[in-house]
Structures are given as C-alpha cells and as structure tokens.
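For reference, the chains in residue letters:
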Amino acid sequence: MATTESPPLNDVDIVRLAQQKLLPNNHQQPNVSLPPFLLSSHSHKALISYLHSRAAAPSPSSAVSEYVISLLSLISLSPETPSIASLLSSFLSSYTQIFPSLPHDSNSLKTISFFNTLLIHVPFDDLKSVIDSVASNLSGVVTVDDAQLFDLFPQCFELIRTAEEKGGDYVNSVVDKILDSKWSKGFLLKMVSIAKDFSFLDKTRGKEFLEKVFEGIKKVDLMDLPSLVYQLLVLASKGFNKREIIEGIVWFFRSELGSKMTSTVRQVEGTVLLHVNFAVKQDPSLGKEVMGLVKSDLRAFNHFTVAVLLSVSRVRRFSESSITILKTALLAAYSDYKFTKDCKWIPDDMKEEYLKGVKVVEKSVLRAVNESNYGREHMVPSIVQFGFIVLESVREINCKELCNSNGLLGIEELGIQMLKTLFEVHDMARNEIIEQIKCRILSLKPELSRPIIRLLGHIIQYYPYPMLEHIPRLKELLDYFTFMDGKVASYLVSALLPLIRFSRDLQDYTILVVRKAMFRREDTVRVAATSSVIDLILAEKQPKVDSLFSCQDSSSQASSSQQVDIPCSMGGGLFQELSALLQRCLYQQAKVKEVLYQGLVKLVLVDPSIGRLVLDFLLPHFLQFFKEQGTEVQLGVSSCIKSESGKVLIQEPLDCLLSCVSWISLLQPHGKTDSDSIGACFGFSLSQENEDGRNFSGELFSGALLKIRKFLRSANIEEILGQTQDTSSAAIHEEKRKCCASILSGVVEVLLNTVAMDLEKAMDQRKIELEKELIQLVDLHDSLAMDTCTSRQSNLTKRFNLRATAHDTPDNIDSGNNKLIPEHIPFLATSSIYQLLQIALKLYGSESSNSEATSQNHTQSSSGKASKSCFKILSFALSAALHHIKSSAVVGNEDPLKKLIYGEIDMLGPPLLRLTLLLKSGSNVTTSQKKKESKAKKDTEERKEHLYLALVCLKEMITINLCSSCLTGLLENLLSVLPLEDAGLPDECDLTSEIDDQDIRNKELFILKILKPLFSELMKLSAFRTIEILCDIILMIGHKLPCKWRNSHGAWAIDICKTSDTTNSSIAKSLVRLAINLSSPPTDLLVVQDMSKELVKVMGSKSGDTSKYLLINQSTATAVASSLLQITGAVIAEMDWATKKLKTAQKNPHLNQKGELSSGLAFEENLYARVKAVVEVLSSFALMSFNDSQAEHFLRLTARLYKHLALMSKLRIAPKGHKQGLPSLQFQKLVELTCKQLTVPLYNFVAEMQLAQQENANSKGIINKIKRENKCIPDLIFQIEDYEKYLIRLSKATKVNLLKHAKRSTSRDFRILDSTAVTGEDHPPPNHDDDNHNNSGAVDGNESCSDSEDNEGNGSEKALSPQPGSPLAEEEESECDAEEDRASVPSVKRVKRTSRRIVHDSDDEEHEHEHEQTDVVC
C-alpha cells in the first residue's frame, strides 16, 4: 500500500533525484534509501516508457544517455533488491532494442559502460536473451560505433560460463554463430578490441577468429589499421595465438599493402612499426616470434619484415639478435641461390624461385631503407648498424658471378646502396656514417676494409657538397696514413680524390700527409705515398666536370650560390709543385721507383702535353746509368744493384725506367722518329703543343734507346755480367750476376717491344731487318734466362712471373679496385706479342718445310740452327703471351695503362690457335721423319711443351672471357682460323644450324670443329699434359651450354672412356670428370654407378675380369676410384643442403603455396633418386680393396650418407598434433636398397679392414692408421644405428615395416684392438650357433636395434667379425614371440675403444642415449 500511495516520478524527477543522491566526490552515498516508486514492480512499465519517449526526442543521444545513466545510478544504490534486479533486466533489454535507432556516439558508449558494471545483478536467462538479441542484429553493424553493444559480451560470457555447468556450451554456440556470420569492417574492429577478454577461446576457434580477421582486414580503412594492429598485438601479448597474429600482420603488409607506395601507406606502416616496437618492449615474447618467423623460413622476408626487425632491434634485449637474423636471412638467400644455380638436379622452376627470393630480399632491404623517413626515424641507428654489418660480410659469400648474369646487386653493392641512401635522406645519420667509416677503416683487416673505403668513395662521388662538412673527420683519418696497410692507404686517397677537387684545404693536407709518409722506413708506406702523389696529379688532369657529378639529382646538393664559393679546379701546375717530392722517390727502394715510372706513363697518357716535362725530369737520373764515350756506350747495370748485410738487392729497376722512357717517347710526336701515329693506334689524341723541334730530352732519349739496341746486339754479355766482381764472397758475386741478368732481361723485353712496334709499321727491307733484330734480341733474352733462372726458375715460363704478385690469377679480379694490387705491368704490349706470334708462325712454317728438305738431302747443320732459333722465339712468345694474359685479368679497367699495354687482347687468340694446330701436326711429322736422329726425342718434347703452353694461353683467355661474359667475340675469332670444310664432325656441325642463339652456336661449333678433333690428334701423340688442359677447356665451355648440347658432349666423353685404353692416371681422372660433369642428372650418377661396377672387376676381391670401360685398368683404377669418390662426396654435400631445406619445409607447411607444394614434392622425389644412386655407388665400393687413405675417405663418406639418411627418416615422422602420412614408395625403395646392398657389405668391408690391420700389425704407419680408424669406424657404426633407430620409430608411426630387409649381425659387437694385443694371437672362428641364437628373436632381423639406442652399440670382447651365415627371422613371426625371444638377447654395452667419447653432430632435440623399448609392427 505504501508503494501505491507514493507519488509517481517522471523522467525529469529521476534525473534530479539521481543528481541529489550522488555526492560530488563519490559515485554513491551508502545507506541511502530509494523512493518507493522505484521499488515498486508496477513502476517498471512507466520507467521504460520514459526511455522510449526520450528516444523519440529531437536530440535523443544526450536525452537518453542522461536518463539511463541517472536511473542506473539509482539502481546501483540497491541492486540486490528483487524488484530492482527485475527492473535492471527489463531496462537493459529495452535499451538494446532501441539502440539501433539511437545515435552511436560517446554518450551511448558511456551508457553501455555503465550497464557493464551492473551485469552481475542481471539474471542469467535475461543475459542470454540480451546476447541473442544483440547477436541477431549483427547485419545492422556497419561502423565500429554500431557495435558498441558488443562491449557487453566479454562480461556476459564470463558470468554465464562460471555460473552454469553448460554455460560454456552456450557461449561457444554464440561464438560459432558470430564466426559463421558475415563481418563488416566496423564489426571486425570491435571484435578485435574485445577479443582480448575472450580467454575461453580454444585454439581451433582462435584460428578461425584470426582467419576471419585477416580476411576482413583488407577492407579496413588505412587510418584504422594502426589501431587494429595495436589491438592485435595486445591480443597476442595475452598469449592468444602469437605466431599466427605476427604472421598475419606481416603477410598483410606484404601482400595487400606491399604494392602500394603512397605516402599515406608509408605513414601508416611507420605508425604500425612504432606500435610493434612498443609492444615488444612490453612483451619480449612478441619479439621472439617476429625473429622466429624470419629465421624459420625465408619466404616470410619482405620489406615490412625488415622494417619490423630493424624496429625491434631498437629494444636493447633484441639489438644483436635482430640484426643477426637479418644478416643470416640475407646471406642465406644468396648462398641458396648460388647453390641451386650450380646444382644440376634441382628443377628449373625451383631455381627461378630462389632467384626470385634473392631479388625480393634485395628489394625488401632497399625499400625498408628508402621509406625510413616516414615516421621511422627510430630505425635509423639500426639501419646504419645493419648496413656496415652487410659490408663486413662481403667475404663470406662471393656472388660476383651471380650478380653479373642475373641483375642482382650483390652483398657489397647492397650495403653501399643502403648507407648511401641513408646518407642522402637523413641528415642526422651522416655524422654517424662517417664516424663508423673512419673507425672501421682503422680497425678492420685490410681485406675487410676495402668495401668500407668503396662506400666512402661512392658517398664522395655522389654527394660531394654535403661531404665538405665532414672534411675535419677525413683529415683525422688521413693522420693514420703512415700506420695503415699500404694498399689501404693508397686506396683511401683514391677514394678522396673527387672531394679534393672541391677542397684546396683537403688537397694541401693530403700532400702534407703523403710527404711525411715518404720519410717512413716501411717500403709499403712509401709505395702507397708514391702512388698517392701520382693519383693527386692524375686527378688534376681529369675533366673538371665529372660525369658522376653531372648525373646526380640529390636534394642534399648545395645551392648555386653555395657552389660559387667552392673552387672547382686546382690549377695546372701540380706536377711542377710536387716535382721535388717525386725527385725524392728516385732515391727510394726499387719498388717505389717502379710505381713512380708506371705513374709517369699514366700522366702522359692522360695529358700528353706534359711529356716533355716528364722526360726532362727523368733525364738526369737516366744519365747516371747511360754514358757515352765517343762511339762506345756504357750501360751501368752493375750500379743498379747493391749488397747489404750479405743480401743482394736491386737498387734501380733500369728495365722499368727504360720502359717508362720508351713509352713516353713513343707517345711524344717528334721529327726524328717515325712514331707520329703511335698515339692514334692506341686511340689517344696527342697534343702538338711545345713541339717546336727543340725537345732536347726527347731526342736524347730516342737516340739513347737506339744506341742501347745496337750496343746489346753486338756486346759481350759476359763482359757486362762480369762487371759485378765481388771479392768478399763467391755466393754474393753469383747473386749479383743473376740480378744483373734479370735487369738485362727486362731491358731486352723493353727493346723487343720497341722493335715489334716499329715492325708493325715497317715495309719491305726494313721489315726484314727488324725481324732479324727481333730474333737476335730473343736469342739474347734466352741466353740471359740461363743466368736468371738458375736460382729462381727452372724454365722460361716462370721467368715472366718474377715480378708478378700473388694476386696474378683470374680469381682475384676486382675491376673496381686496382689500388689494392700493385702488380708489375708487362713490358710487352699486346700488339708486340702479336707480332712475335706471327714471326713464330712464319718461322715454324718455314722450319717444317726445311726439315723435310733437309731430311731428303741428309744435311743437318743449317736446319738445326734454324730449328733452334725457331724454338727460342716460339718459347719466348708463348711464355710472354701467358704472363700477359694472366696479368690482364688483374689490372682494373679504369687504369690508363689497361688500354695502352693490353688493348684488344683477344687478337692473340687466332695466332695461338694456329700455333696449336701447327705444333700438333708438326709433332707427328717430326717424330716420323727424325726418328733415327739423336735429337728427335728432345725436339718432340720441346714441341709438346710449346703445344702445352699454347693451350694454356687459350685456356686462360677463355677463362677470363667467361668471367666477363665476353666469350662470343673470342670464339668467333678462333672459329675464323679454320675454314668450314675442315670441320671434324660435319654431321654434328650441321645440327648447330638449328641453334638461334649466336653465343651458344659459337660455343658448340668451337667444341665440334676445334676441340674434339684436336683431342683425337693429341691422344695419338700421347700428349698427356696437353690433353688435361684440353679437357678443362671442354668442361668450362660445356658447362655454359644448354642441357641438350651438354649431354651430347657427355656421351662423347663416355664413349672415349669406353674405347681409350690409356694407362695415364691423370688423363683417366680428367676423362672421368669430363664424362660425368657434362652429363645431366640422372645420367651423371648412372655413369658413376656403371663405372663403379666395372671398377669392382679390377679392384674387387675377384679381380681379373675385363671392364667394358677400357679406361679402367690396373694402372688407372686407383685414380678412377679417387675421382668417383670425389664426385660422390660432392653429391653427398648437396644432400646436406637439400635435407636442411626439407626440414625447413616441414617446419613451415602453412607457408607453402599451391605451386610451391608441387615443386617441393618434385624436389623431394629428385633427392630420393639421387640418394638411391649414391647408395648403389657406395655399395660397389664396399666390395673393393683400397689403400688406407681411400678406405678412410670411403668410410667417412658413408658415415655422412647415413647421417643424412637418418635426418630424412626423422623428417618423415610427423610432429605432435599432425597427421602421420605413409612414407612414399620412393622412400621405401631407398630404405630397402640401403639395408640390402649397403649396410651388410659395409660391415664386411670394416671387418676385412681390421683383419688386414691385424695381419700387418708390425708394418710401418699402422699406429697412425689405428688412430684414424678409432675415429671414423665408431662414427660410421653410430650413424648406421641412428638411421635404423629412426626407421624403427617411423615404422611404429606408419604401421609399415621398413626394416624387413635389414639384417641383424654380430658385426656390431666389436672393439678396435691395439696392435700390440693382437700381434701373434690366433683368433678362433666365431661361434655361429651363438649368433644364430642371438638373431632368432629379432622381428625381421631388426627388433634388437632399439635395444642399443641407449648405448654406443652392442658388443663383446671379440674383435669385429661379421656373420654372414646367421639366418633372418621369419617375417610371419608374431609380435609376442618376438618379445619372448628378444628377452633372451643380452643387452651389452660396447667396449670403449678410446679414452674419449665420440661427439655426434646431430640436431636432434632428443638425447642420443634415450632409453626406450620399441616394437616393429609386422
């Protein structure tokens, strides 16, 4: 009655009453009673009607919010009252019904938040009805504000789950309904924000939720992405599917936003990266997931991943690990592609995939750096660190060849591009980059500092004006010039040269530093200083507008007003300014003078107008060694050497001085010499300035060279060499004599170059005279070589390498840096060597015709003299050509001397080939016609030596052209030597007309027309050394041919192996290598299998049968076996890479795309086929008898094979939580083949080895052999048992008995006996009965394998002894019988062989001594 008598309250009264009831500093006042009207159940209808009336108001948002919050605040004063609880439920239900018609703003959000605090007082049935009502209206949710009611769901779900037994089922049904519905982008944002409170979600629903999120994230507005990613990271930090969230984010920004390059997208990514950085700071486990994603699979590598790792690296905990993972992923991309490119059996689509992967990595890194100025400034220090780490990793992988042919940047260029871009974009990074360059140049080893200096050079070339601000740091770096490695110091100055052109201050400081370096004691520092002086002068002579500078378009360049103040030239008198410093070089060591003389030639090449000044500079120094007394000439060779502390040193490289003078004289136009066109023939335009006929120094030098030529032709060499008399010691006198002979040899080479260049222009009688003079000089050089080579070299070939450096090989080609290789430039130019080869061809042709006439007339004196001269010039020309070709690979293309000295070096190819063909035919003629003469054998050997040299020259030329991808022109010149009708194989040559590619056609024709016919002729002549070189050439060119043509040459080589009965082991190895390497898979290993089976007939226990390969005989068997083992080892090394890739693919099956899945299956099948072939090859080797080294090699290869087999078997076992699949038929066949044909014979092989060891226990070296076997045999046994262990586990998992063909043998029960213990002992025969008893309990002969998993093996005190007679257990034996019989087999640990335990290299996460009992299911 009290309730009914209470006056009713309207909505305004309720709002006012709520304001009165609530205290200003507190939400509610305790012990405050509610008005009776609110406590009455009859008031509910009125209260709800007020809600509807306010919802119909013109501005319902504030009106409804004010009323609802006021009423809820009153309800919160006494929520436990039953009538109030009923009111709360009805009010909540009504609000959810009218919510779609209300504005969705902050007022509605505040209202819903208030409802959330009172949900605990709502009955559970009412909560369910509210949830159903809200969920049913899911289609009406468009924006995130439309989904505000879903904020009630987390607490509703939690209340229902905890209150009812089946509440979890209801909640799951609601979640499933939501997951099955269609989500708008607003609802997606809401679900992500509230999902962190859904702690009840299992993994399955969690994955479905994330799939829904990352499917709908594509429709989310760009500006909503940062908040969405942040919510996802918060969700991940709660432990909700961390890996899947990280992967989804990374793949979204790669696939969906990766192609969008707008500034908005970049800004969004920058904000996301800041969120990631913050999230990782709060939860380090997220950082581990990010790094694990890239570490596990390279396909997750993209520009966003790079940016994420760089951002994460700013967290101190992950600074090193993040950069390390980036480096590892980068190097892995290059190494994987390099491997697949060279691997023949990997499918082409897989090779393309890895090439694409490398390009993606390069582009991803560069894009991450280029976009670093879009809200990612926090990453800049990490980019600097990573860039320098990349540069320091250059030597780890050599990818120059890869980059040349596929458009890849390479590691070094990538690092330079990164830091160069960073230098341009971020002003704040410039100081750090320059400081890091300085520190690393000073601290790193010389070979590691080269890329850093190259980076400095690039920055200076492209951004000279910003670099002017950093000149003080560069000066600090120059202060260490005298303490640096000489090559590094010289290269550093070369890098600074472009900047020196813009700064007189830096130029003066560099000159000061170099001047100080001249006074150092170290030769390398003085050489570097001299080279730097030359470079400074050369820089002044370069054009004032550098093409590199004109091509730049950098916002960092100075304005035009700033550029006016910077001097752009340094004047033209730097040579004269530094002449005193250069004069000091003339009193330094011989190495310093050589650098000076070469540098002066470069100066004249760049600026011919200073030629007269250079000659004037050299004249006083030259006159110290050249004197005239009337008509007599004195060449002071003896004054060029000195002795110090019992050592003889060359003080003046007179030959280098004369070479310098001769080149400058040839390049200087003057009236008394016929050299006006010399410069033009080299492509240089010579200035006519200051040439008024009064060039005194030039005329004097020209005359002096002519007099020296005349003097040496008529002089007594013994008198010149005899001037070095030394009474102190005969040894010193002899050494001085040899040094003088060496200098004179160089002088003769200089004169030969001068005469050859005159010969090129001479005509008629003058040409004949010059040819005679040239022959005389060659004879003189040959006589001097007798003195020069007695102590240093044994033949003329090595004479030309006296001054060559260790870098004189094509492997060290570095066209971008010739400063690090101060090589000796040859005295002979390419054109001169060409003239020598032409004369050699002419003389050899006439000598051949004369020898035929002489043999008919039975006279010998004149022909013998002619033959001797011919051999001398031939030997000299070939040796000079070989040294010339090798040195050309070392000199950088930008070196001015490159064009002058080497020119078109390919012109040497045709005369070398003509000589080869003449020598080949001449050797045969000479042998047949002079077989009765005493010198026939010697002449034949000399011709073979010359033939060998000619082919070596051709090989070097082909090698260099292959490296530079310029082989086509050379082959065209070589093919022009022979007319088409002289082709050796006309049918095959006709087939080459089908080839459209000119490059491929030239290679194929060269092999068919020249190399194969030449090979046949050389085989008849037994020119074995030459045949080896020829095989190398065929192999080099054959590797560059397509599969079809390469296989044809492989078939030809196989036929040679079958028909050639040579007994030369080197030829046998070359032919075997040629036959196998030119055969495409699987033919290559089929050939290896075939040869190994034939090898058993020669090296097996029952040797004596004839092999179908005539190449395999008693003389060559060991060499062929060694070659086959090496090739097998290479295949096993490929297996190592392949099994790692299989392991990676298994760990990341979710990353496999549809196309990649089929490619991966093909790759796996190819791998199994290769392994099967290797097993068959090794099974043949197990039947052979080797020497100790080959046996040890065989055992180690087999152990490596079983290690890979064990890993493959382990990978077939499905991880926990994944469905186990059946092993493929190919895998089952591989297991069967291994067990039947390799494992059992292998135990026999080991047993025979040890029996032979016991019989020869007292032989020399047996102790060392035992020590080696103590390592390889136990490792082999362990790998076999480890392999069988995983086979047993796989058999249990798949219910397929994989070990039914394996055989249990007591050969595992062994120990390696000391030689002293076995000497003189008689060993009783093994007890077969016991062995049979032990084997009777094994199911398929393998049940007891699992018993030995805990130990290194089963063993007894007996020596290793196989039991081939022990029977296999019946396959039909029941599992119970196997258990009973196995119980009778004692589990005995193998006797310890050595004092050390074997360390097994295995990445198995389980301990190798795991105790378990396994049963094989039959």
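Keep in mind that this is a model prediction, so the values were computed, not measured.

Helix and strand counts for the protein chain come out as 62 helices and four strands. Taking all contacts inside the protein chain whose residues are at least 6 apart in sequence as the whole, residues at least 24 apart take part in 80%. Of the roughly 61,600 Å² of accessible surface on the protein chain, 51% is carried by carbon and sulfur atoms.

Our next topic: the packing of helix H13 (residues 225-237) against helix H14 (residues 242-255). Taken N-terminus to C-terminus, the directions of H13 and H14 make an angle of 160 degrees; their axes are 9 Å apart at the nearest point. With respect to H14, the axis of H13 lies roughly antiparallel. Crossing geometry of H13 relative to H14 is assigned as left-handed. Across from Leu225, Val229, Leu232, Leu233, Leu235 and Ala236 in H13, the residues of H14 making contact are Lys242, Ile245, Ile246, Ile249, Phe252 and Phe253. Each residue belonging to the contact of H13 with H14 can be placed in one class, and the counts come to eleven nonpolar, no polar and one charged.

Under the criterion given, the structure shown has 48 salt bridges. Taking the shortest distance from any N to any O, the salt bridge between Glu773 and Arg713 comes out at 2.7 Å. Here the residue Glu773 occupies a position in helix H41 (residues 764-788), and Arg713 occupies one in helix H38 (residues 696-714), the gap between them amounting to 60 residues. Residue class for Glu773 comes out buried when judged on its relative accessible area of 8%. Residue Arg713 is classed as partly exposed on the basis of its relative accessible area of 39%. Here the salt bridges share partners, and the residues they tie into one network are Arg266, Glu269, Arg367, Glu371 and Arg376.

Our focus in this paragraph is helix H50 (residues 998-1021). A rise of 1.5 Å per residue sets the reference length of H50, with its 24 residues, at 34 Å; its end C-alpha atoms lie 34 Å apart and thus fit the reference within 8%. Its axis deflected by about 35 degrees at Ile1007, H50 carries its strongest bend there. Looking one or two residues past H50, Ser1022 carries a phi angle of roughly 60 degrees, positive in sign.

Turning to the packing of helix H34 (residues 590-606) against helix H36 (residues 654-667), a few remarks are in order. The geometry of H34 relative to H36 is characterised by a closest axis approach of 9 Å and an angle of 5 degrees between their N-to-C directions. One way to sum up the angle between H34 and H36 is to call them roughly parallel. Here Glu594, Tyr597, Leu600, Val601, Val604 and Leu605 of H34 lie close against H36, whose contacting residues are Cys656, Leu657, Cys660, Trp663, Ile664 and Leu667.

Attention now goes to unusual backbone geometry. A cis amide bond links Pro1081 to the next residue, Pro1082, at an omega of 0 degrees. Turning to its location among the elements, Pro1082 is positioned in the loop between helix H53 (1065-1077) and helix H54 (1083-1099).

Here we take up a nonpolar patch on the surface. Together, Leu442, Tyr480 and Phe483 give the surface a local cluster of nonpolar side chains, amounting to about 320 Å² of exposed area. Secondary-structure assignment places Tyr480 in the loop between helix H26 (471-478) and helix H27 (486-500). For Tyr480, a relative accessible area of 41% puts it in the partly exposed group.

This part covers the pairing of strand E1 (residues 626-629). Where E1 meets strand E2 (residues 632-635), four bridges bridge the pair, whose relative direction is antiparallel. The partner of Lys627 across the bridge, within E2, is Gln634. Joining the antiparallel neighbours E1 and E2 is a turn of two residues, in which Gly630 adopts a positive phi near 75 degrees.

One pass over the structure, following the stated rule, counts 34 aromatic pairs. Measuring from ring centre to ring centre gives 4.8 Å for Phe150 and Phe153, while their planes differ by 50 degrees; the resulting arrangement is tilted. No difference in accessibility class separates Phe150 from Phe153, as the two residues are buried. Taking the centre distance of 5.0 Å and the plane angle of 75 degrees together, the rings of Phe1194 and Phe1245 count as edge-to-face. Within this pair, whereas Phe1194 is found in helix H57 (residues 1188-1211), its partner Phe1245 is found in helix H58 (residues 1225-1255), the two being separated by 51 residues in sequence. Across the pair, exposure class does not vary: Phe1194 and Phe1245 are buried alike.

Criteria and cut-off values
- Residues numbered from 1 in each chain as written.
- Predicted model: local features only at pLDDT ≥ 70, side-chain atom pairs only at ≥ 80, totals over all residues.
- Heavy atoms only, no water.
- Helix = DSSP H or I, 4+ residues; strand = E, 2+ residues; numbered from the N terminus.
- Contact = heavy atoms within 4.5 Å.
- Areas by Shrake-Rupley, 256 points an atom, 1.4 Å probe, with all protein chains shown as cover.
- Axes fitted to C-alpha atoms, helices over the stretch in contact; angles between N-to-C directions.
- Parallel < 35°, antiparallel > 145°, perpendicular 65-115°, else oblique.
- Left-handed = near helix turned anticlockwise from the far one by under 90°.
- Nonpolar A, V, L, I, M, F, W, Y, C, P; charged D, E, K, R; others polar.
- Salt bridge = Lys/Arg side-chain N within 4 Å of Asp/Glu carboxyl O.
- Buried < 20%, exposed > 50% of the residue type's maximum accessible area, 1.4 Å probe, protein only.
- Expected span 1.5 Å × (residues − 1).
- Bend = angle between axes of the 7 residues up to and from the residue.
- Patch = residues over 30% accessible without salt bridge, like charges linked within 9 Å, V, L, I, M, F, W, Y side chains within 5 Å.
- Pairing = 2+ DSSP bridges.
- Phe/Tyr/Trp six-rings, centres within 6.5 Å; stacked < 30°, edge-to-face > 60°.

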